[in-house]
Amino acid sequence: MKRNCFLMLLLGLWVSLLSVSFAAYGVTLTADTATLTGKATLSADGSRVRMIDYNGTGENSTVTFVVYAPHDGEYRALVHSSGNIAYQPEPCHDYYTNGNVAEKKTVYYTKATVPSEVQVYEIELSLKKGRNTVTFAYSPYEDMSRWSATCAEFVKLEVFLWEGLGVPMRLEAENAMLTGTARVSVGSDTASGGKYVGYIDSMSATVNFTVYAKAAGDYLFFICADGNQDHCGVVPCHTVYANGDTKNAQTLYYDDSTSFQVWREYPVVLPLHKGDNTVSVTYGGGSKTHAQLDYIRYIAAGYTQAEMNKNLSACLTQGSLCLWSDQNIKNQKLILATFQGNRLSSVTTKTVSLRRNEWYVMDYAKQTPSDTCKVLLWEGTVENMEPSAQIALQSDLNVRTKFSNLGILPTASTRPTIVPDFSAIKRLSDPFNCRDPFIMPYDGKYYLYQSAGASGVRCYVSEDLMYWSKPVAVLTTSENFHGIGSYFWAPECHYYKGNFYIFSSVQSANNQNKPDGLPNFGGRTIGVYRADNPLGPFTCIQTDISPIGWDAIDGTLYVDENGAPWLVFVHEWTSMPDGNGSMVAARLSEDFTQLITTPQTLFYAKDPAWATNGVTDGPFLYTTEQGKLLMIWSNFSEKGYVVALAQSESGNILGPWKHEEKLLYQKDMYPEYIYDGGHGMIFSTHGGQLMLALHGPNSKTDTVSGHVIVLPLVEEDGLIKIDRTKKAFSY
């Protein structure tokens, strides 16, 4: 229904547009960046647009801004506007996106009283992914001869591009509904906007905010207040509650208040229902509150694990979180709210900067076993932010490091430029001849790394684990490359902080001086090679990362609970005086070019009762859903080459390590296992199925050579075992 209008034609009112603020990106679009049409005019100081009015020729005046959205959808926006109901019952503006006038909507300023009094109104904008235009225009009347003015001042528009994704909503106290003695004070040099609310000094004095919640749940609020505990010898305070629930009101004591006009934020958690809510701040008891209110802000709490990578908010339970971005981000504020049950116990703030394509690891220290950290608040500014920016969060570092390649985020910079050739394929069931297989899932594909003898390392690519491309030479070496005297073997490819690293055993001319008493010493060492994508080309960054004088082979990466990288590898029996090989670990430098701690022995080959040899082969680390740190490795039993299982009793890489009596894989352990086999590794399919890859037989059996065997795994009682209810990919 059209609105009635008053008889007078008014002079065009100032329509002031101060800024468009996108809290998620930290970008502000001011009036001088807008495109204006019709009568719309930029004020002399460039801070506002005047006269969004009908110009008498059939053309509406408009103000248009460019808005970038991360995805298609409905976005919440707040219009800060004033108006004059003495001239028009409902001052208003029309608005539409991307020039779609046919779908325009109208925002009515029903709370408007006079042009200088700003109120906040909620609207929704339909935006598409990428660039959008948002236009505000004069809203025409039925009788154009009698009315051509908007009768409203447009002060500010806030568009929340990532609604509910860690972007705080801030509401000024001076724009709230006040009751009793509470009143607005102006002219403050320290309060935001120069205004605040004081005299909240009786039960009838309240500051009532209208707060929108997209879903029901607990929300973390920050109350910005001041106070002076020396004023009357009492601690300043306010009482806060939602939707009139005074029985569950919470009193905030401002213990660190020093004087009026020194503002601080104090946290409180309030339950909200879906839609509009009323949050009330009132007097806290005693004869006076002795505190004033500047603003409140809030953010949704308690996101689920499934929402974690979509939302910049998470339930933290394990003590660490990881953040990753595909762009450089500086001066971001992370706010972690710690709860004991449903009661807020503390808030920790940390400012961080993220480097492009690198994980940032932050520890979270629990005060008690029952503590949980429910909320991650994300604030700050973004350097060179693009509309397509990606930011990912993992709240449980142990989940991310079940194996090192979990959590690889494909980006334009990490996707290979080489296209694998599938014109001649290998089938895993043929069998696929390969010793010491290593399979890395990445970006919907699987990458299998294999030694190319003395020439380097090659990689096969598959989309289904059954059919594999022609090999791609990912590391190619020339004759006498860096002193390497013979061939490569047991290559592994791991992702760490934006780069891919191959660890490969080699025979090195740098390690040929045989220590006394070691007749079988082979001069073997571990080299490290780096690339920015799984298919390389990889370049050598370290030829001998393991200690000179050791026969060292089979290096694998482990990232600990603090995000620190470790090299776990074999001190081969050939360089041990008693022929008893050992498994060792040492901290890696961040650039993977050196060991920064002395290698520590984890265990010896002959420690388990079932072991018949001094061999320690193929270590690989895995963390269970229950947080237990496991290692699979290989030695010989009476049945031949096997895959064994050990568990760190401390949960730390340095152990002590306990060996499980039951082996993970052994010949004849089930009727279908007709080969011995070992040097295994664990990976997860893109569908989430845990898998074990190994080679068998270890030595040629009749006409059958060592080939890739891939078997499904399942976690059970805190350990892992082969799941015989699911079909193996090959045998």
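Here the structure is a predicted model, which is why all the values come from computation and not from measurement.

Most of strand 48 (residues 678-684) is tucked away: 7 of the 7 residues are buried. Pairing between strand 48 and strand 49 (residues 690-696): 5 bridges, direction antiparallel. Residue S684 lies in a different strand from strand 49, and its bridge partner there is L690.

This next bit is on the side chain of S637. Turning to its location among the elements, S637 is positioned in strand 45 (residues 629-637). Looking at S637, its side chain comes within polar contact range of the side chain of Q666, at 2.7 Å. With near-sequence residues (within four places) excluded, S637 lies in contact with W610, T612, V642, L663 and Q666.

To continue, consider a nonpolar patch on the surface. On the surface, a cluster of nonpolar side chains totalling about 360 Å² of accessible area is made up of F422, I425, M466 and Y467. Residue position: F422 is located in the loop between helix 1 (397-400) and strand 30 (426-427). Judged by relative accessible area, F422 falls into the partly exposed class, the value being 35%.

Here we take up unusual backbone geometry. With omega at 15 degrees, the peptide bond leading from G655 into P656 counts as cis. Examined against the element boundaries, P656 turns out to sit in the loop between strand 46 (640-648) and strand 47 (657-659). The omega torsion across G696 and P697 is -5 degrees, close enough to zero to call that bond cis. Mapping P697 onto the fold places it in the loop between strand 49 and strand 50 (707-716). With a phi close to 70 degrees, L465 is a non-glycine residue in the positive phi region. Mapped onto the elements of the fold, L465 is located in the loop between strand 33 (456-462) and strand 34 (467-468). A positive phi angle, close to 55 degrees, is found at D554, a residue other than glycine. By secondary structure assignment, the location of D554 is in strand 40 (residues 552-559).

Before going further, it helps to spend a moment on the environment of Q647. Summarising the element assignment, Q647 is placed in strand 46. Residue classification places Q647 among the buried positions, given a relative accessible area of 15%. Linking Q647 and K658, residues 11 residues apart in sequence, is a C-alpha distance of 5.2 Å. Other than its neighbours up to four places away in sequence, Q647 contacts K628, L629, L630, P656, W657, K658, E660 and L719.

Further remarks concern the pattern of salt bridges. With the rule as written, the count across this model stands at 11 salt bridges. In this structure, E265 and R297 form a salt bridge, with 2.6 Å as the shortest nitrogen-oxygen distance. Placement of E265 in strand 21 (residues 264-272) and of R297 in strand 23 (residues 291-300) is noted, with a sequence separation of 32 residues between them. Relative accessible area serves as the criterion here: at 28%, E265 is assigned to the partly exposed category. Note on R297: relative accessible area 5%, which makes it buried. One salt bridge connects D421 with K470, and the closest N-O pair in it is separated by 3.5 Å. Taken together, the residues span a long stretch of sequence, with D421 in the loop between helix 1 and strand 30 and K470 in the loop between strand 34 and strand 35 (472-476) at a distance of 49 residues. By relative accessible area, K470 is classed as partly exposed at 35%.

To continue, consider the nonpolar core. Of all hydrophobic cores here, the largest spans 58 residues; its most connected members are I439, Y449 and I720. Setting aside chain neighbours within four positions, we find I439 in contact with Y446, Y447, L448, L465, W468, M681, F683, A693 and V710.

Turning our eyes to something else, we now look at empty space enclosed by the protein. Tallied over the full model, the rule gives 2 cavities of 30 Å³ or more. Of the voids in this model, the second largest cavity is the one considered here, and its volume is about 40 Å³. Forming the walls of the second largest cavity are 10 residues, and the residues nearest its centre are F403, S404, L557, Y558 and L621. When contributions to the lining of the second largest cavity are tallied by element, the ones reaching two or more residues are strand 40 and strand 44 (617-623). At 4 residues, the largest contribution of residues to the lining of the second largest cavity is made by strand 40. Within the lining of the second largest cavity, the residues separate by chemical class into 6 nonpolar, 4 polar and no charged.

Let us look at the sheet that holds strand 48. Reading across from one edge, 48-49-50-51 is the order of the 4 strands in this open sheet, with antiparallel pairing throughout. Only two strands of the sheet have a single neighbouring strand rather than two, namely strand 48 and strand 51 (719-722). Pairwise comparison of adjacent strand axes, ignoring direction, gives a mean angle of 35 degrees for this sheet.

Before going further, it helps to spend a moment on the sheet that holds strand 43 (residues 600-604). In spatial order, the strands read 40-41-42-43; together these 4 strands make up an open sheet with antiparallel pairing. Edge positions in the sheet fall to strand 40 and strand 43, since each of these pairs with one other strand and no more. Across the sheet, the axes of successive neighbouring strands diverge by a mean angle of 25 degrees, strand direction being ignored. Here strand 40 pairs with strand 41 (residues 565-571) via 6 bridges, running antiparallel. Considered in strand 41, the bridge of T556 is made with V568.

Right, let's get into the confidence of the model for the chain. Here the chain shows a mean pLDDT of 78. Residues at 70 or above account for 74%. For the stretch residues 1-27, pLDDT sits under 50, and the model shows 107 contacts to residues farther than four places along the chain or on other chains. Confidence drops under a pLDDT of 50 for residues 300-318, and excluding neighbours within four residues, the segment shows 56 contacts in the predicted structure.

Cut-off values and rules
Residues numbered from 1 in each chain as written. Predicted model: local features only at pLDDT ≥ 70, side-chain atom pairs only at ≥ 80, totals over all residues. Heavy atoms only, no water. Buried < 20%, exposed > 50% of the residue type's maximum accessible area, 1.4 Å probe, protein only. Helix = DSSP H or I, 4+ residues; strand = E, 2+ residues; numbered from the N terminus. Pairing = 2+ DSSP bridges. Polar contact = N/O pair within 3.5 Å; in protein donor to acceptor, adjacent residues only side chain to side chain. Contact = heavy atoms within 4.5 Å. Patch = residues over 30% accessible without salt bridge, like charges linked within 9 Å, V, L, I, M, F, W, Y side chains within 5 Å. Areas by Shrake-Rupley, 256 points an atom, 1.4 Å probe, with all protein chains shown as cover. Salt bridge = Lys/Arg side-chain N within 4 Å of Asp/Glu carboxyl O. Core = buried A, V, L, I, M, F, W, Y, C linked by side-chain atoms within 4.5 Å. 1 Å grid on protein atoms, 1.4 Å probe; cavity = no way out; pocket = protein on both sides within 12 Å on 5 of 7 lines; lining within 4 Å. Points joined across faces, edges and corners; volume = space filled by probe spheres on them. Nonpolar A, V, L, I, M, F, W, Y, C, P; charged D, E, K, R; others polar. Axes fitted to C-alpha atoms, helices over the stretch in contact; angles between N-to-C directions. pLDDT = per-residue confidence, 0-100.

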